[in-house]
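# Examination of the molecular architecture
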Amino acid sequence: MTNTNKSKRAPIPQAVRRLWWWFAGPAVATVFGAIAYQIPTVRNATATPDPWITLGIPAIILAPNFLVILPVWWGMRRIKRAVAGTSGRACTNCVHDLSGLGDTGMCPECGRAFDIAADQRSWVRVKVLK
Ligand SMILES: [Zn+2]
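Note that the coordinates shown come from a computational prediction; the quantities given were computed from them, not determined experimentally. Residue positions are counted from 1 within each chain, in the order its sequence is given. Only residues with pLDDT of at least 70 get local features here, since the model is predicted, and only at 80 or more are side-chain atom pairs given and counted; chain-wide, interface and lining totals rely on the full set of residues. The basis for every side-chain value is the complete set of non-hydrogen atoms in the structure, without hydrogens or water.

### Comments concerning helix H6 (residues 116-125)
Since the α-helix packs 3.6 residues into each turn, any two residues three or four apart lie on the same face. Buried residues of H6: Ile116, Asp119, Ser122 and Trp123, and no others. Buried positions in H6, seen along its axis, are confined to an arc of 115° and lie on one side of it. Two residues qualify as a contact provided that any one of their heavy atoms is within 4.5 Å of a heavy atom in the partner residue. Every helix listed is a DSSP run of H or I at least four residues long, and every strand listed is a run of E at least two residues long, numbered separately from the N terminus. Elements in contact with the buried residues of H6: helix H1 (14-20), helix H5 (69-85) and strand E2 (113-115). Residue lysine 127 follows H6 closely and has a positive phi angle near 60°. Per-residue accessibility, obtained with a 1.4 Å probe over protein chains only, is compared with the maximum for each type, and a residue is labelled buried under 20%, exposed over 50%, and partly exposed between these values. Taking the helix axis as origin, the arc is that swept by the directions to the C-beta atoms.

This is the structure we're talking about:
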C-alpha cells in the first residue's frame, strides 16, 4: 500500500518515537501518585503543617517528569546532529548515514526499507530537519 493521500502527515521517525517512551515511566508514576493521594489514609498520613512535606511529596512525584526531559533533550540533540551531518539522508529507525546509497533501498545497519524523500518529510515533521 503506497501513500497516495498527500494530506497525510509523514510518520514520526522510530528513533524519535523511542525517545518519547522515556516519558512513559514518569507519567505512569505521576498518575499512580495522584491516585494514591486520593486515598484518605495516604492523605491523612501526609497531612502536616510542615510546608516542606506538603510541597515535598508532590515535588517528589513530579520530579521524574522533569528529570526525564534531560535524556530526551540529549537524545534529540544527538539525532539532530546526526541527521544534519547527512543532510537528512539518515535512517529514521537507527539514524545510520545513508549517503551514497541511492534514494530508496535497505538500511545496511538495521535492514529497514528507506525512501529518502519520505524520510526527509518525517525528519521535517519532528523539526530535526528544516
Ligand atoms: Zn537503519
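### Some points on the packing of helix H2 (residues 24-38) against helix H4 (residues 51-67)
Whenever a helix is involved, its axis is fitted only over the stretch in contact; in every case the axis is a line through C-alpha atoms, and angles between N-to-C directions fall within 0 to 180 degrees. H4 packs onto H2 with a crossing angle of 165° between their chain directions and a minimal axis gap of 8 Å. As summarised for this structure, H2 and H4 are arranged roughly antiparallel, according to the angle between their axes. The way H2 lies across H4 gives a crossing that is left-handed. Counted together, Pro26, Ala27, Ala29, Thr30 and Gly33 of H2 and Ile61, Leu62, Pro64 and Asn65 of H4 form the full contact between these two elements. Here the nonpolar group is Ala, Val, Leu, Ile, Met, Phe, Trp, Tyr, Cys and Pro; Asp, Glu, Lys and Arg are the charged ones; every other residue, Gly included, is treated as polar. Here the residues of the contact of H2 with H4 sort into six nonpolar, three polar and no charged. Our angle categories are set so that under 35 degrees counts as roughly parallel, over 145 as roughly antiparallel, 65 to 115 as roughly perpendicular, and the remainder as oblique. For any pair of crossing helices, the crossing counts as left-handed if the nearer helix is rotated counterclockwise from the farther one by less than a right angle, and right-handed if it is rotated clockwise.

### Concerning the coordination of the zinc ion
Donor atoms (N, O, S) are those found within 2.8 Å of the metal centre, with the cutoff raised to 3.2 Å for Na, K and Ca; water is not part of the atom list, so apparent gaps in a site can occur. Looking at the zinc ion, one finds its protein donor set to be Cys91 (SG), Cys94 (SG), Cys107 (SG) and Cys110 (SG), positioned 2.2 to 2.3 Å from the metal centre. Any coordination sphere not matching a tetrahedral pattern (four donors, all angles between 85 and 135 degrees) or a square planar or octahedral pattern (four or six donors, opposite donors over 155 degrees apart, other angles between 65 and 115) is reported as irregular. For the zinc ion, the four donor atoms are set out with angles of 105 to 114° between them, so the coordination reads as tetrahedral. Residue class for cysteine 110 comes out partly exposed when judged on its relative accessible area of 33%.

### Let's talk about the environment of tryptophan 123
Along the chain, tryptophan 123 falls in helix H6. For the pair formed by tryptophan 123 and glycine 88, sequence separation is 35 residues and the distance between their alpha carbons is 7.2 Å.

### Quick notes on the side chain of threonine 30
You can see threonine 30 is positioned in helix H2. Look at threonine 30 and you get buried, because its relative accessible area is 18%. Each polar contact in these results corresponds to two N or O atoms within 3.5 Å; when the atoms are within protein, one needs to be able to donate a hydrogen and the other to accept it, and residues that are neighboring in sequence are counted only if both atoms are side-chain atoms. Reaching out from threonine 30, the side chain makes a polar contact with the side chain of asparagine 65 at a distance of 2.6 Å. Among residues more than four places away in sequence, those in contact with threonine 30 are Ile61, Leu62 and Asn65.

### Re the nonpolar core
Throughout, nonpolar core names a set of buried Ala, Val, Leu, Ile, Met, Phe, Trp, Tyr and Cys residues whose side chains join them through atoms within 4.5 Å. Among the nonpolar cores identified, the biggest contains 13 residues, and Val16, Ile79, Val83, Val95, Trp123, Val126 and Val128 are the most heavily contacted of them. Where this core is concerned, the elements lending two or more residues are H1 and H5. The next biggest cluster of nonpolar side chains, apart from the first, holds five residues, and it includes Cys91, Leu98, Cys107 and Ile116.

### A short note on H4
A helix is expected to span 1.5 Å multiplied by its residue count minus one. If you check H4, its first and last C-alpha atoms are 23 Å apart, about what 17 residues at 1.5 Å a residue would give, namely 24 Å. One side-chain oxygen at the N-terminal end of H4 lies 2.9 Å from the backbone nitrogen of tryptophan 52; it belongs to aspartate 50.

### Section: a nonpolar patch on the surface
For patch building, the residue pool is restricted to those with more than 30% relative accessible area and no salt bridge; the joining distance is 9 Å between like charges and 5 Å between nonpolar side chains (Val, Leu, Ile, Met, Phe, Trp, Tyr). In these tables, accessible area is a Shrake-Rupley quantity obtained with a 1.4 Å probe, and a residue counts as shielded only by the protein chains included in the view. What counts as a salt bridge is simple: a side-chain nitrogen of Lys or Arg found within 4 Å of a carboxyl oxygen of Asp or Glu. A cluster of nonpolar side chains, contributed by Trp20, Phe23, Leu62, Phe66, Ile69, Trp73 and Trp74, occupies part of the molecular surface with about 760 Å² of accessible area. Elements with a minimum of two residues in the nonpolar patch: H4 and H5. Element by element, the count of residues in the nonpolar patch is highest for H5, at three residues. Inspection of the secondary structure assignment puts tryptophan 73 in helix H5.

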